[in-house]
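Survey of secondary and tertiary structure
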Amino acid sequence: MTACTTRRPAALTRLTAVAAIAVAGTLVLTGCGDQTKKDKPANTVSPSGTGSSATSAVAPLFSKLPQKYQDSKTIQVGTDASYAPMEQTENGKIVGIDPDIADALAKQLGVTFKFTNGKFDGLITSIYTGRSDIVMSAMSDTKARQGGLDDKGKKIGKGVDFVDYYTSGSSLLVKKGNPKGIKALADVCGQTVAVQRGTIYDDAFEAQKKECGSKGLKIQKFDTDSEAQTRVKAGGAVADLNDTPVAAYIAQKSGNGNDFEVAGSPADAGPFGIAVSKDNTQLRDALKAAMDAIIADGTYAQVLQKWNASSGAIASAAINGGS
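Residues numbered from 1 in each chain as written. Predicted model: local features only at pLDDT ≥ 70, side-chain atom pairs only at ≥ 80, totals over all residues. Heavy atoms only, no water.

What follows concerns the overall build of the protein. Along the backbone of the protein there are 9 helices and 15 strands. In the form shown here, the protein has an accessible surface area of approximately 12600 Å², with 49% of it arising from carbon and sulfur atoms. (Helix = DSSP H or I, 4+ residues; strand = E, 2+ residues; numbered from the N terminus. Areas by Shrake-Rupley, 256 points an atom, 1.4 Å probe, with all protein chains shown as cover.)

Across the sheet, 3 strands lie side by side as β5-β6-β7; this open sheet has antiparallel pairing. Pairing within the sheet leaves two strands with one partner each, and these edge strands are β5 (82-83) and β7 (93-95). One ladder, built from 3 bridges, connects strand β6 (residues 87-90) with β7; its direction is antiparallel. Bridge pairing links Thr 89 to Ile 94 in β7. (Pairing = 2+ DSSP bridges.)

Should the pLDDT be low somewhere, the predicted coordinates at that spot are not to be read in detail. When pLDDT is averaged along the protein, the result is 85, and 82% of the positions lie at 70 or above. Contacts for the low-pLDDT stretch residues 1-50, under 50 throughout, to residues beyond four places or in other chains number 251 contacts. (pLDDT = per-residue confidence, 0-100. Contact = heavy atoms within 4.5 Å.)

Most of helix α7 (residues 244-253) is tucked away: 8 of the 10 residues are buried. Those residues of α7 that sit buried are Thr 244, Pro 245, Val 246, Ala 247, Ala 248, Tyr 249, Ile 250 and Ala 251. Buried residues along α7 sit against β5, β6, β10 (160-175), α6 (225-233), β13 (239-243) and β14 (260-277). Looking one or two residues past α7, Gly 255 carries a phi angle of roughly 60 degrees, positive in sign. (Buried < 20%, exposed > 50% of the residue type's maximum accessible area, 1.4 Å probe, protein only.)

This brings us to the state of the cysteines. Under the counting rule described, the total for this entry stands at 1 disulfide. Covalently, Cys 189 is tied to Cys 212 through a disulfide, its sulfur atoms 2.0 Å apart. Sign of the S-S torsion, about -80 degrees for the bond between Cys 189 and Cys 212, identifies this disulfide as left-handed. With Cys 189 in the loop between β10 and β11 (192-196) and Cys 212 in helix α5 (residues 200-212), this pair connects stretches of sequence that are 23 residues apart. (Disulfide = S-S within 2.5 Å.)

With that settled, the discussion passes to the side chain of Asp 161. Tracing the chain through its elements places Asp 161 in strand β10. One polar contact links Asp 161 to Asn 320, side chain to side chain, over a distance of 3.1 Å. The contacts of Asp 161, once residues within four sequence positions are left out, are Ile 274, Ala 275, Val 276, Lys 278, Thr 281, Arg 284 and Asn 320. (Polar contact = N/O pair within 3.5 Å; in protein donor to acceptor, adjacent residues only side chain to side chain.)

For the rest of this paragraph, the subject is α6. In an α-helix, one full turn covers 3.6 residues, which means residues spaced three or four apart are oriented alike. For α6, the complete set of buried residues consists of Asp 225, Ala 228, Gln 229 and Val 232. Along the axis of α6, the buried positions cluster into a sector of 100 degrees, meaning they face one direction only. Among the residues trailing α6, Gly 235 stands out with phi positive, at a value near 90 degrees. (Arc of directions from axis to C-beta.)

Before going further, it helps to spend a moment on the layout of surface pockets. Space inside the second largest pocket adds up to approximately 160 Å³. If you trace the second largest pocket, you find it lined by Ser 82, Tyr 83, Ala 84, Ser 226, Gln 229, Tyr 249, Ile 250, Lys 253 and Ser 254. When contributions to the lining of the second largest pocket are tallied by element, the ones reaching two or more residues are β5, α6 and α7. Considering only residue class, the lining of the second largest pocket consists of 4 nonpolar, 4 polar and 1 charged. (1 Å grid on protein atoms, 1.4 Å probe; cavity = no way out; pocket = protein on both sides within 12 Å on 5 of 7 lines; lining within 4 Å. Points joined across faces, edges and corners; volume = space filled by probe spheres on them. Nonpolar A, V, L, I, M, F, W, Y, C, P; charged D, E, K, R; others polar.)

This brings us to the nonpolar core. Ranked by internal contacts, the top residues of the largest apolar core, which has 74 residues, are Ile 101, Phe 113, Ile 134, Leu 287 and Met 291. Beyond its immediate stretch of four places on either side in the chain, Leu 287 contacts Leu 105, Leu 109, Phe 113, Ile 134, Val 163, Ile 274 and Val 276. Counting residues in each nonpolar core, the second largest holds 9 residues, with Leu 123, Ile 124, Val 135 and Ala 275 among its members. (Core = buried A, V, L, I, M, F, W, Y, C linked by side-chain atoms within 4.5 Å.)

All told, the structure shown has 1 aromatic pair when counted by the stated rule. Relative to Phe 272, the ring of Tyr 166 lies with its centre 5.8 Å away and its plane at 25 degrees, an arrangement referred to as stacked. Note that Tyr 166 is positioned in strand β10 and Phe 272 in strand β14, a separation of 106 residues in sequence. A single burial state applies to Tyr 166 and to Phe 272, both of which are buried. (Phe/Tyr/Trp six-rings, centres within 6.5 Å; stacked < 30°, edge-to-face > 60°.)

Here the structure, examined in full by the defined rule, presents 13 salt bridges. Notably, a salt bridge pairs Asp 279 with Lys 158, separated by 2.5 Å at the nearest N-O pair. On the criterion of sequence distance, the pair formed by Asp 279 in the loop between β14 and α8 (281-296) and Lys 158 in the loop between α4 (143-147) and β10 is long-range, its members being 121 residues apart. Residue class for Asp 279 comes out exposed when judged on its relative accessible area of 60%. Via salt bridges that share partners, Asp 161, Lys 278, Arg 284 and Asp 285 belong to a single interconnected network. (Salt bridge = Lys/Arg side-chain N within 4 Å of Asp/Glu carboxyl O.)

Our focus in this paragraph is the environment of Asp 141. Relative to the elements of secondary structure, Asp 141 occurs in the loop between β9 (134-135) and α4. In this structure Asp 141 comes out as buried when scored by relative accessible area, which is 0%. The sequence separation of Asp 141 and Tyr 165 amounts to 24 residues, and the corresponding C-alpha distance is 9.9 Å. A polar side-chain atom of Asp 141 sits 2.6 Å from a polar atom in the side chain of Gln 146. Looking at Asp 141, its side chain comes within polar contact range of the main-chain nitrogen of Gly 322, at 2.9 Å.

As structure tokens, this is what we get:
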């Protein structure tokens, strides 16, 4: 998702393809500790506050961070916590795959990742304005986002860099029983669909509308994906378009599996990335080093196994690997 660009990779990705994933589990990410001891090493952290945080242990990559974050021991993270299982709010806390990965990164870097909830289409803007240091929100790494372009190719910002950490595809979410027989994107022509505004899937439906020609396609756009889901569940739209793990999670969990199903096969594989200001290359490179570290030590695999999301795992982190 991002302001006037795409939430997930180009073509069809909130992001973009992997096999359907059924996901379960939550993680509460908070921490507090005593940082008053003067004889603590500089890279030893006992975090305080809320968010994904390092435990009291030597953080091997602390020195790679810009001085700003070594001093504050906090990285501000923008997210849209309405996209389970990637990120969601439970009992007032933001939980999910992204916060779990952030928690693992925090242990490598010796800082707290403090998540703040916001609308997806404003997350990249929050980096421009300084409200967020990074974005972790199942955001597709795309060339448009890297270049600061909107969905029409107009320059609206200087763009961001991405540290890629997961691969996903796109899937159609339909009402249980698939009453309209939707199996592929072309099948929505002549129908009404629902989608979250400002995402890659918003763009995908707009592109499909042109492909539908005289058959037409009515697109209902909402601020959150949960609103789009509600529209499909009520029968007011035939499909929503989502990242494959998200669609699979919704189909499994909503109404105990009685509300939705995933239609057809996943399409358009592409990376999710952690978005970072192009002016903050030292932070970007520190995040990449931390990603590679948690991949190497097995922590990353454990996080994905916990959420039954291992099929989207990557072998190594990349910078700006999206297309």
